[in-house]
Amino acid sequence: MILTDSHCHLAMVENADATLEAARRAGVGGFIVPSTMLEDVEPVVALSSRNHDVWGAVGFHPHEARDFDEAAEKVVREAALGERIVAIGEIGLDYHYMHSPRETQKDVLRRQLSIAKELRLPVIIHNRESSEDLLSILSSEEARGTRGVLHSFTEGWEVARALVEKELFISFSGIITFKTAETLRDVARRLPRESVLIETDSPFLAPVPHRGKPNEPALVIEIAKLLGSLWGVSVEEVARVTTSNFERAFGVKIPE
């Protein structure tokens, strides 16, 4: 059984190598590490370059959109040419905290979607309280052909269906294990399984029964167990499906 973590912020942790080893011992064989700001880009490139089962994504999180100037855009574009960089991300919209102005977020999202389209890379999208604007942008002519993943999905069925119709993957984090997440579990039951990925979003959002502790990729097994219970299948089957989806989403091959 090989599990994957399609979104883990290992550039944010001091003990990334030890964290990776613990995850491998737990059966995790593929990792996507995204950047969120300029300072993350170099660590993401370095981490993915020295690990055969780690791939990177480069981009600016909507919280940091205010800092995405021409120089930053150049850094992202050049880093995205790296052999182990397989996506543009983490990008998107977040209207909860509003660390960057709404119009700035939308402009920066469009610019990064353009980079992805130019380089023929998938995107990793963050969405919080911004579904209407996100779907509008993804439905625009300039975003036509966008492929990728909605990470740590938290919305309802109608949003999920709209995204899957655009041939985007839906990734579930530890949130799906929370007591209050029944609506999200209903989405997972209804989604076509070939559209589903799993992730930790570590070091954030530790799943039940580890809430309140730092999250890590080894705990992705808890999301797989939960999906297995919803789908009525074994954890091994969830691993098989989501690992295959991981490979298709990012155009990679999990090492044997």
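Residues numbered from 1 in each chain as written. Predicted model: local features only at pLDDT ≥ 70, side-chain atom pairs only at ≥ 80, totals over all residues. Heavy atoms only, no water.

(A) Broad picture of the packing of aromatic side chains. Considering all chains together, one arrives at three aromatic pairs under this definition. Considering the side-chain rings of Phe246 and Phe250, the 5.4 Å spacing of their centres and the 65° angle between planes classify their relative orientation as edge-to-face. Here the residue Phe246 and the residue Phe250 both occupy positions in helix α9 (residues 235-250), the gap between them amounting to four residues, near one helical turn. Taking the relative accessible area as the measure of exposure, Phe246 reaches 0% and is therefore buried. One cation-aromatic arrangement involves Arg102 over Tyr95; the distance from NZ or CZ to the ring centre is 4.0 Å. Of note, Arg211 hangs over the ring of Phe178, and the distance from its end group to the ring centre comes to 3.7 Å. (Phe/Tyr/Trp six-rings, centres within 6.5 Å; stacked < 30°, edge-to-face > 60°. Helix = DSSP H or I, 4+ residues; strand = E, 2+ residues; numbered from the N terminus. Buried < 20%, exposed > 50% of the residue type's maximum accessible area, 1.4 Å probe, protein only. Lys NZ or Arg CZ within 6 Å of the ring centre and 35° of its normal.)

(B) Representation of the sheet that holds strand β4 (residues 85-94) within the structure. Strands sit in the order β1-β2-β3-β4-β5-β6-β7-β8 across an open sheet of eight strands; the sheet is parallel. The open sheet is flanked by β1 (3-5) and β8 (196-198), the only strands paired with a single partner. The mean angle between the axes of side-by-side strands here comes to 25°, regardless of whether they run parallel or antiparallel. By the bridge criterion, two bridges tie strand β6 (residues 148-150) to strand β7 (residues 169-172) in an arrangement that is parallel. Directly across from Leu150, in β7, lies its bridge partner Ile170. (Pairing = 2+ DSSP bridges. Axes fitted to C-alpha atoms, helices over the stretch in contact; angles between N-to-C directions.)

(C) Up close: the packing of helix α3 (residues 70-79) against helix α4 (residues 102-119). Where α3 contacts α4, the axes come no closer than 11 Å and their chain directions differ by 30°. If you check the angle between α3 and α4, you find them roughly parallel. In this structure, the crossing between α3 and α4 has a hand that is right-handed. Along its contact with α3, which presents Glu70, Glu73, Val76 and Arg77, the element α4 presents Arg111, Ile115, Glu118 and Leu119. (Parallel < 35°, antiparallel > 145°, perpendicular 65-115°, else oblique. Left-handed = near helix turned anticlockwise from the far one by under 90°. Contact = heavy atoms within 4.5 Å.)

(D) Focus on the pairing of strand β2 (residues 28-34). For β2, the tally of buried residues reaches seven of seven residues, placing the bulk of the element in the interior. Here β1 pairs with β2 via three bridges, running parallel. Bridge pairing links Asp5 to Phe31 in β2. For the handedness criterion, the β-α-β arrangement of β1, helix α1 (residues 16-25) and β2 is classed as right-handed. In terms of strand pairing, β2 meets strand β3 (residues 54-58) through four bridges, oriented parallel. Bridge pairing in β3 links Phe31 to Val54. Regarding the hand of the β-α-β motif, the stretch spanning β2, helix α2 (residues 38-49) and β3 is right-handed. (Right-handed = clockwise from strand over helix to strand, strands pointing away.)

(E) Spotlight on unusual backbone geometry. A cis amide bond, omega 15°, links Gly89 with the succeeding residue Glu90. Checked against the element boundaries, Glu90 lands in strand β4. In the segment running from Val208 into Pro209, the intervening peptide bond is cis, with an omega of 10°. Along the chain, Pro209 falls in the loop between β8 and α8 (220-231). Positive phi, close to 55°, is recorded for Met98, a residue that is not glycine.

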